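Analysis of the macromolecular model
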Amino acid sequence: DNYNQLGLIYRHQNKLKPALEAVEKAISMEPEDLLSLYNRACYLSALGRYKESGEQLEALYNLDEEFVFTEMAEDDEDLEPLKEAGYFPMNPLLKR
């Protein structure tokens with residue numbers, strides 16, 4: 001959790017690579033921490049790594065039983081480039 005917080009600090013400083021490194025360290029320690037997985041998708045998108053970001057969101061959707069992160073992703077500005085690039089996945093478990 002501390003590494004995820006460090007990633008958020010780096011993100012707010014617009015230091016995207018260190019933010020990604022920190023959140024990946026958090027994931028290595030807690031592989032199913034949904035917030036860390038979500039933040040990784042955001043940082044990848046902000047870095048222009050759209051395919052990886054979309055894949056991360058898809059993996060997250062499979063763990064997001066309450067659809068909390070599905071809803072967050074809809075309005076997150078870090079994910080706008082992902083949408084524009086055509087890599088933003090829809091949650092297949094969510095019936096619209």
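Quick note: structure is the one above.
In this report, we go over the structure that sits alongside the text.

Definitions and limits used
- Residues numbered from 1 in each chain as written.
- Predicted model: local features only at pLDDT ≥ 70, side-chain atom pairs only at ≥ 80, totals over all residues.
- Heavy atoms only, no water.
- Core = buried A, V, L, I, M, F, W, Y, C linked by side-chain atoms within 4.5 Å.
- Buried < 20%, exposed > 50% of the residue type's maximum accessible area, 1.4 Å probe, protein only.
- Helix = DSSP H or I, 4+ residues; strand = E, 2+ residues; numbered from the N terminus.
- Contact = heavy atoms within 4.5 Å.
- Salt bridge = Lys/Arg side-chain N within 4 Å of Asp/Glu carboxyl O.

Comments concerning the nonpolar core
Judged by nonpolar contacts, the single largest core of 18 residues is most densely connected at Y38, Y43, L57, L60, A73, L79 and F88. Looking at which element gives the most residues to this core, the answer is helix α3 (residues 34-46), with 6 residues. Excluding residues that lie within four positions of it along the chain, L79 makes contacts with Y38, A41, C42, S45, S53, L57, A73 and F88.

Let's talk about the pattern of salt bridges
All chains considered together, the criterion is met by 5 salt bridges. Across the salt bridge formed by R40 and E24, the nearest N and O atoms sit 3.0 Å from each other. Here R40 is found in helix α3, whereas its partner E24 is found in helix α2 (residues 16-29), with 16 residues between them in sequence. Since its relative accessible area comes to 31%, E24 is described here as partly exposed. Close ionic contact of E52 with R49 constitutes a salt bridge, the shortest N to O distance being 2.7 Å.

Thoughts on the environment of L16
If you trace the backbone, L16 turns up in helix α2. Of the residues examined, L16 reaches a relative accessible area of 16% and is grouped as buried. Taking C-alpha positions, L16 is 7.4 Å from A46, a pair spaced 30 residues apart along the chain. The contacts of L16, once residues within four sequence positions are left out, are R11, A46 and L47.

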